[in-house]
Amino acid sequence: MKLAFDATDWRGFQVLAWTATFLTLAGVATEALGLKYVQEVEWPTDLFATAALRRPAGIDVAIVGSSRSHYGFAPTAIDACLSARLNRPTQTVSSNRLAASTYATDIVARDLFSGERAPRVLVIEVAPESLNANHFELDYNVASSADVRDVPECVAAAVSGPPALAACARPLVRGVENLAFFLHRPLTEHDHVTWMALFAGGGQYCFGTPACEARNAEYDQRHAGRWQTRIERVLPKVRAERFVDYQVGSGLPSAHFVAMLDRARADGVTPLVVNLPVSATYQAEVPVEAYAAYLAWVAPTTAAHGGRFLNLNMPDWQERPEYLDPDHLNGKGALRLSQRLCDEVADSLH
């Protein structure tokens, strides 16, 4: 059977070919220029600043996680403590993604802290939500974090149907978005995330200078109503959204958690997996059976793949005064947590 093509068909093929070429070139340009992390949503960490501008070398401690790590770990406080312990300057970098599962966390670690840029210690934030195979923001994680090379794995694991497949396809067109956001990037941005990435190693809080202390106090004061807001808007949906169809040990988040541990060990990096504290108010919304299943899987899996598991979500960390909202620490809590991390990693850096 002989197929016939008219002029309209030929023009359609030309349009498709030119579109594919344009998307491919935009993707190549984005990769070559290091613009992957110039995105619509950059908070809580300006990953572009870390990846393309700061270009840290000789990193002692790298921290990857979600906004909980962003609020909980202050690199300036960690470095002050480590430098005093080790009698040498140290460098800590904290790079986190909004609502990150361990799928997104792994890709950040792969992009920013592997190979020649591997740190001596990789701190990996985990939570029962972040390892859920049905993570509540998994499609967003894929769309914002995955590379073209991740598309086949993503498609094979797409469990939510069309939304998941659309997220899997996002890396194919994200180059155009990255270039557009780069060209229209504002000169000032929300909460000084670029300044923090470049000069304070990331995180929400910094310490050691009057400017940092003033900034911390101003931020906590400006967000004083955040506790009540999240009580009203987030807590009622924790069980229904974050723990629906809870599964740990399967799916993309668990697979990428294991891959992150294995890559760290292959790079000669010491992995420290930290279960960050949340307030007693938030913990009460976490299903007991899901939390038990999470701990029963994450601790032995971490050990089996060469990491160390540190559980800080204990009663002595669950007091209200150290929280900005039910599952994020304030400046006082960040200073305390950063000093605790210093205690945990100092021996690995001698």
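Refer to the structure printed above.
Per chain, the residues get numbers from 1 upward, laid out in the order the sequence is written. For this predicted model, a pLDDT threshold of at least 70 governs which residues receive local features, and a threshold of 80 or more governs which side-chain atom pairs are given and counted, while totals over whole chains, interfaces and linings are taken from all residues. Think of the side-chain values as coming from all heavy atoms in the structure, minus any hydrogens and water.

*Asks:* Describe empty space enclosed by the protein, listing the residues and the values that go with them.
*Replies:* Only protein atoms enter the 1 Å grid used here. Points where a 1.4 Å probe fits but cannot escape make up a cavity, open sets with protein on both sides within 12 Å along at least five of seven lines make up a pocket, and a residue lines them when an atom lies within 4 Å of a point. Grid points are joined across faces, edges and corners, and a volume is the space filled by probe spheres set on the points. Evaluated as defined, the whole model comprises 3 cavities of 30 Å³ or more. As a volume, the largest cavity reaches approximately 50 Å³. Taken together, R68, A127, P128, E129, N275, L276, V278, Y282, Q283, V286, Y291 and N313 make up the full set of residues lining the largest cavity. Note on residue categories: nonpolar means Ala, Val, Leu, Ile, Met, Phe, Trp, Tyr, Cys or Pro, charged means Asp, Glu, Lys or Arg, and polar means any other residue, Gly included. Taken together, the residues that form the lining of the largest cavity break down as 7 nonpolar, 3 polar and 2 charged.

*Asks:* Talk me through the side chain of D327; I want residue IDs and the actual numbers.
*Replies:* Turning to its location among the elements, D327 is positioned in the loop between strand 6 (323-325) and strand 7 (328-329). The exposure class assigned to D327 is buried, which follows from its relative accessible area of 3%. The term polar contact refers here to a pair of N or O atoms within 3.5 Å; inside protein, the definition further demands a hydrogen-donor-capable atom paired with an acceptor-capable atom, and it admits residues adjacent in sequence only when both atoms are side-chain atoms. Among the polar contacts made by the side chain of D327, one reaches the side chain of R230 at a distance of 3.4 Å. Within the structure, D327 has its side chain in polar contact with the side chain of H328 (distance 3.3 Å). The secondary structure listing takes helices from DSSP runs of H or I that are at least 4 residues long and strands from runs of E that are at least 2 residues long, numbered from the N terminus. The cut-offs for exposure are 20% and 50% of the maximum accessible area for each residue type, with area from a 1.4 Å probe on protein chains only; residues under the lower value are buried, those over the upper are exposed, and the others partly exposed.

*Asks:* Go over a nonpolar patch on the surface, please, and point to the residues and values.
*Replies:* The patches described consist of residues with a relative accessible area above 30% and no salt bridge, like charges being joined within 9 Å and nonpolar side chains (Val, Leu, Ile, Met, Phe, Trp, Tyr) within 5 Å. The protein chains shown are the only cover counted for residues, whose accessible areas, like all others here, come from Shrake-Rupley with a 1.4 Å probe. Within this document, salt bridges are pairs made up of a side-chain nitrogen of Lys or Arg and a carboxyl oxygen of Asp or Glu, the two lying within 4 Å of each other. Together, V148, L172 and V173 line one region of the surface with nonpolar side chains, adding up to about 240 Å² of accessible area. Look at L172 and you get partly exposed, because its relative accessible area is 44%.

*Asks:* Tell me about the layout of surface pockets, and name the residues and values.
*Replies:* Considered as a void within the structure, the second largest pocket measures approximately 460 Å³ in volume. Forming the walls of the second largest pocket are 25 residues, and the residues nearest its centre are S67, A99, F136, R230 and R242. Contributions of two or more residues to the lining of the second largest pocket are made by helix 3 (67-72), helix 11 (226-233) and helix 12 (238-242). Across the lining of the second largest pocket, the residue classes tally to 9 nonpolar, 5 polar and 11 charged.

*Asks:* Provide a residue-level description of the packing of aromatic side chains, including the pertinent values.
*Replies:* What describes a pair of aromatic rings is the distance from one ring centre to the other and the angle between the planes of the rings. Pairs were defined over the aromatic rings of Phe, Tyr and Trp, the Trp ring being its six-membered one, requiring ring centres within 6.5 Å. Orientation was assigned from the angle between planes: stacked under 30 degrees, edge-to-face over 60, tilted for the rest. Summed over the entire model, instances satisfying the criterion amount to 9 aromatic pairs. Each ring, one from F257 and one from W297, has its centre 5.9 Å from the other, and the planes form 50°; the classification is tilted. With F257 in helix 13 (residues 251-266) and W297 in helix 15 (residues 288-304), this pair connects stretches of sequence that are 40 residues apart. W297 matches F257 in its accessibility class, with the two residues each being buried. Site record: aromatic cluster; members linked through ring pairs are W43, Y71, Y205 and Y219. Over the face of the ring belonging to W227 we find R320, whose NZ or CZ atom lies 3.8 Å from the ring centre. The criterion for a charge sitting over a ring is simple: Lys NZ or Arg CZ within 6 Å of the ring centre, and within 35 degrees of the ring normal.

*Asks:* Kindly report on the state of the cysteines, identifying the contributing residues and their values.
*Replies:* Any two cysteine sulfur atoms within 2.5 Å of one another count as a disulfide. In the structure shown here, the tally under the stated rule is 3 disulfides. Bridging C154 to C168, the disulfide has an S-S length of 1.9 Å. Between C154 and C168 the sulfur-sulfur dihedral comes to about -80°; the bridge is accordingly left-handed. Taken together, the positions of C154 in helix 7 (residues 151-157) and C168 in helix 8 (residues 162-183) put the pair 14 residues apart, joining distant regions of the chain. By the burial criterion, C154 is buried, and C168 matches it. Take the cysteines of the protein chain that form disulfides and number them in order along the sequence; they join up as 1-6, 2-3, 4-5.

Geometric values such as these leave the question of function open.
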